[in-house]
Amino acid sequence: GAALRAWAAGGGALGVLLLARLDNVFVVASLAVATLVASGSTRAAQARRATALTLGCMAVVLPYIVHLRLSFGHFVPVSGAIKSRFPVPGLHGDTLGTPGLLVVLGALASLGVALRLQGRARVVLLGLGAGVLLQSMYMFLFVHDNVLTWAFVAGIVNAALLASLA
């Protein structure tokens, strides 16, 4: 029905976010989980929404990922493949630098503030905060090259949203 089409469209929007930067997968997944858990309905309804959301996202992202694999032999762009040491972790604190530290602090603040809120603001801050924190942890553990400020767009959006609630 119309509600499931809305969830699929939301998945498409999250797919666009994912195309902007593939390590936004942590933000997309965290937002999706926070949204589905917060909906508070039966498991069957949550499963239908999760399926619609996932299919909407994959409809946007899958052609790009298949293109990358067929053209370059990786599921990520070449620039990401040469910077990543995944699945072998290392400690790369200098990778994040000051912008990364600020983004992590903003993510932690969002999680703390979200626990005091209700409704959509809580869901969005929980999803963004958790996703940005996971994304930063991935960069810290697996990216061995300096990360430029544009890599922190999700964290900057999170900080802006948090500031707008102050």
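The coordinates are above.
Residues numbered from 1 in each chain as written. Predicted model: local features only at pLDDT ≥ 70, side-chain atom pairs only at ≥ 80, totals over all residues. Heavy atoms only, no water.

Some thoughts on the overall build of the protein
Here is step 1: Counting its regular elements, the protein contains seven helices and zero strands.
Here is step 2: Secondary structure elements of the protein, listed N to C terminal, follow the sequence α-α-α-α-α-α-α.
Here is step 3: Radius of gyration (C-alpha) of the protein: 17 Å, near the 15 Å computed for a compact globule of 166 residues.
Here is step 4: Across its three principal axes, the protein shows a C-alpha extent of roughly 45 × 45 × 25 Å.
Here is step 5: In the protein, buried positions account for 36% of the 166 residues. (Helix = DSSP H or I, 4+ residues; strand = E, 2+ residues; numbered from the N terminus. Rg over C-alpha atoms; globule rule 2.2 N^0.38 Å. Buried < 20%, exposed > 50% of the residue type's maximum accessible area, 1.4 Å probe, protein only.)

Quick look at the nonpolar core
Here is step 1: Core analysis: the largest hydrophobic core is formed by 30 residues, its most contacted members being Leu18, Val27, Val132, Met139, Val147 and Phe152.
Here is step 2: When residues of this core are traced back to their parent elements, those giving at least two are α1 (2-20), α2 (25-38), α3 (43-72), α5 (93-114) and α6 (119-142).
Here is step 3: When sequence neighbours within four positions are dropped, the list of residues in contact with Leu18 reads Asn24, Val25, Val28, Cys57 and Val61. (Core = buried A, V, L, I, M, F, W, Y, C linked by side-chain atoms within 4.5 Å. Contact = heavy atoms within 4.5 Å.)

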